[in-house]
Amino acid sequence: MYILGIETTCDETAASVVLDGKTILSNVILSQTQHEHFGGVFPEIAARAHADAIIPVVDRALKEAKLSCQDIDAIAVAAAPGLLGSLMVGVESAKALAYAWKKPLIPVHHIEAHLYAAIMQNKNPLFPAIGAVFSGGHSLLLAIEDIGSYTMIGTTIDDALGEAFDKVARLMDIGYPGGAKLEKLATKGNPDAFPFKAGQSKLNPYHFSFSGLKTQLFYAKERLAPLSEAQKADLAASFQKAALFDVVKKSHKACLEYGANGFYLGGGVAQNKTLQHLLKEKLSTPLFVPPGELCTDNAAMIAALAYHKKPIHPEIEEFFSLEPRPTDRFCLSF
Ligand code: KG4
Ligand code: ZN
C-alpha cells in the first residue's frame, strides 16, 4: 500500500511516499528559514510559506518515488497538534487532493508519528515498551502497550526539552534553533563546572521541569558577565548534563517499572548524541532512535504511521468535517 504523507504542523513543509508503513520511497522536507531573525516561528509567515510550498513539495515527493497520483492508495496528513494556520494548509490540501484523486484520507497525530519513527527502526517491536518524544513543543514519556495504545506517564510542567535548549541558546547568543548549536558548544566545556539541577514535580516522579534550570543558567551567566568562551562552553555543558541526566534517570526508572522490552526515542532532541550515548549506557533495554532526517519534522513518519490507522473515504460526512486540532498535545490518537 503506497501512502502519500503530508506534514505542515510547524515550519517544515514536507511530503513523502512510504510503502506498507516501512519502505520510504521519498522524503522531501522544505525547512522555512524565514523565521531565523525572529528567534522563533512566526505563525502567520509559516502558514503562508506552507501555502506556497505544499503543491511543489508533494509533486517532488511523487517524482522522487517515481509514482503518479494514480499509484497512491491513500493520503495521510498530520492533523494535530501544531500551529493552526500551518495545520489548516496541510489538512485542507490533503482533503482537496484526496477528493480530486478519489483516495481515502488518513489523519495522523504528529507526536505519535515522532514516536513511530523510532518504533519503525525495530523490525520486530515487542511490547510493553517505553517511548519518549522530546522536541521543540513536547516532552513526553509513554508506556507503549501496542502501536496506537499508549499511556502518558510523564510530561513537562513548563518548557519542553527542545524549547529549553533553544531558550538557553538564545541567552547565550548562539542562534536559533539552538539545540544542535548548544550541544556542539557543550562538547568544549566542563559539565561539572556548575551544579545545575532540573526541576522535579511533587505530583509525579516522571514529570519534567526545565524552566528553573534555564533560570539557574541565566543567574550564573549574569554573575560572570562578560563571559569568556571557556565559561560559555562550561555553562552549555553543565546545562546539558543537568537536563539529560534527568531525562535518562526517569527513562531508566520507567523501563524498570513497566518491564519494557525496548526504549523508543523520537523528536528533534533525539538527535542529541550525548543523550543517545547516556541512554545506551544506562538502559538495560535496547534503544531505538530514528536517523536524523526522521527525528526532525518529516512526512515519512506520517505516511508510515498511517498504514496502521483507519482511512476515511471521500464519500462520507466525516471526510468533509475533518478539522485540525492545534492543541492536542497529550492524547496521541486522532
Ligand atoms: O521535532 P522537531 O524538529 O520539531 C518540533 O516538533 O518541535 O524538534 C525541534 C527541536 C528544537 O527545539 C531543536 O533545538 C531541538 O529539537 N534539537 C536539539 C538538537 N537538535 C535539534 N536539541 C538538543 N540537541 C540537539 N542536537
Ligand atoms: Zn515535531
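Here's what I pulled together on the structure shown here. Everything numeric in this text was worked out from a predicted model, so none of it was measured.

Looking now at the pattern of salt bridges. Counting across every chain of the model gives 10 salt bridges. Put simply, Arg 48 and Glu 44 hold a salt bridge, and the shortest N to O gap is 3.2 Å. Placement of the pair is Arg 48 and Glu 44 together in helix H1 (residues 43-64), with a separation of 4 residues, close to one helical turn. Close ionic contact of Asp 159 with Lys 214 constitutes a salt bridge, the shortest N to O distance being 3.1 Å. Of the two residues, Asp 159 is situated in the loop between strand E8 (149-155) and helix H4 (161-171) and Lys 214 in helix H6 (residues 211-224); the sequence distance between them amounts to 55 residues. The burial state of Asp 159 is the same as that of Lys 214; both residues are buried.

Take the coordination of the zinc ion (ligand 2) next. On the protein side, the zinc ion (ligand 2) has His 110 (NE2), His 114 (NE2) and Asp 297 (OD) as donor atoms, found 2.0 to 2.1 Å from it. Bound by 4 donor atoms, the zinc ion (ligand 2) shows angles of 92 to 139° at the metal and therefore irregular coordination geometry. All donors of the zinc ion (ligand 2) belong to a single chain; written as a sequence motif, their spacing is H-x3-H-x182-D. Separated by 4 residues within a single helix, His 110 and His 114 lie in helix H3 (residues 110-119), roughly one turn from each other. Comparing His 110 with His 114 shows no difference in burial state: the two are buried.

In the vicinity of ligand 1 lie 20 residues, with Gly 136, Asp 166, Glu 183, Gly 268 and Asn 272 positioned nearest. One nitrogen or oxygen atom from the side chain of Gln 271 is found 3.5 Å from a nitrogen atom belonging to ligand 1. In the complex, the protein chains occlude 89% of the 550 Å² of accessible area that ligand 1 would expose alone. Among the detected pockets, ligand 1 sits in the largest pocket. The residue inventory of the shell around ligand 1, partitioned by class, reads 4 nonpolar, 13 polar and 3 charged.

One can describe the packing of H1 onto helix H2 (residues 84-101) by two numbers: an axis separation of 9 Å at closest approach and a directional angle of 40°. The angle between H1 and H2 places the two elements in the oblique class. Crossing of H1 against H2: the hand is right-handed. Where H1 abuts H2, its residues Ala 46, Ala 47, His 50, Ala 51, Ile 54, Val 58 and Leu 62 lie against Gly 85, Ser 86, Val 89, Ser 93, Leu 97 and Trp 101.

Rules used throughout
Residues numbered from 1 in each chain as written. Chains lettered and ligands numbered in written order. Predicted model: local features only at pLDDT ≥ 70, side-chain atom pairs only at ≥ 80, totals over all residues. Heavy atoms only, no water. Salt bridge = Lys/Arg side-chain N within 4 Å of Asp/Glu carboxyl O. Helix = DSSP H or I, 4+ residues; strand = E, 2+ residues; numbered from the N terminus. Buried < 20%, exposed > 50% of the residue type's maximum accessible area, 1.4 Å probe, protein only. Donors = N, O, S within 2.8 Å, 3.2 Å for Na, K, Ca; no water. Tetrahedral: all angles 85-135°; square planar, octahedral: opposite > 155°, others 65-115°. Near = heavy atom within 4 Å. Polar contact = N/O pair within 3.5 Å; in protein donor to acceptor, adjacent residues only side chain to side chain. Areas by Shrake-Rupley, 256 points an atom, 1.4 Å probe, with all protein chains shown as cover. 1 Å grid on protein atoms, 1.4 Å probe; cavity = no way out; pocket = protein on both sides within 12 Å on 5 of 7 lines; lining within 4 Å. Sits in = over half its atoms within 2 Å of the grid points. Nonpolar A, V, L, I, M, F, W, Y, C, P; charged D, E, K, R; others polar. Axes fitted to C-alpha atoms, helices over the stretch in contact; angles between N-to-C directions. Parallel < 35°, antiparallel > 145°, perpendicular 65-115°, else oblique. Left-handed = near helix turned anticlockwise from the far one by under 90°. Contact = heavy atoms within 4.5 Å.

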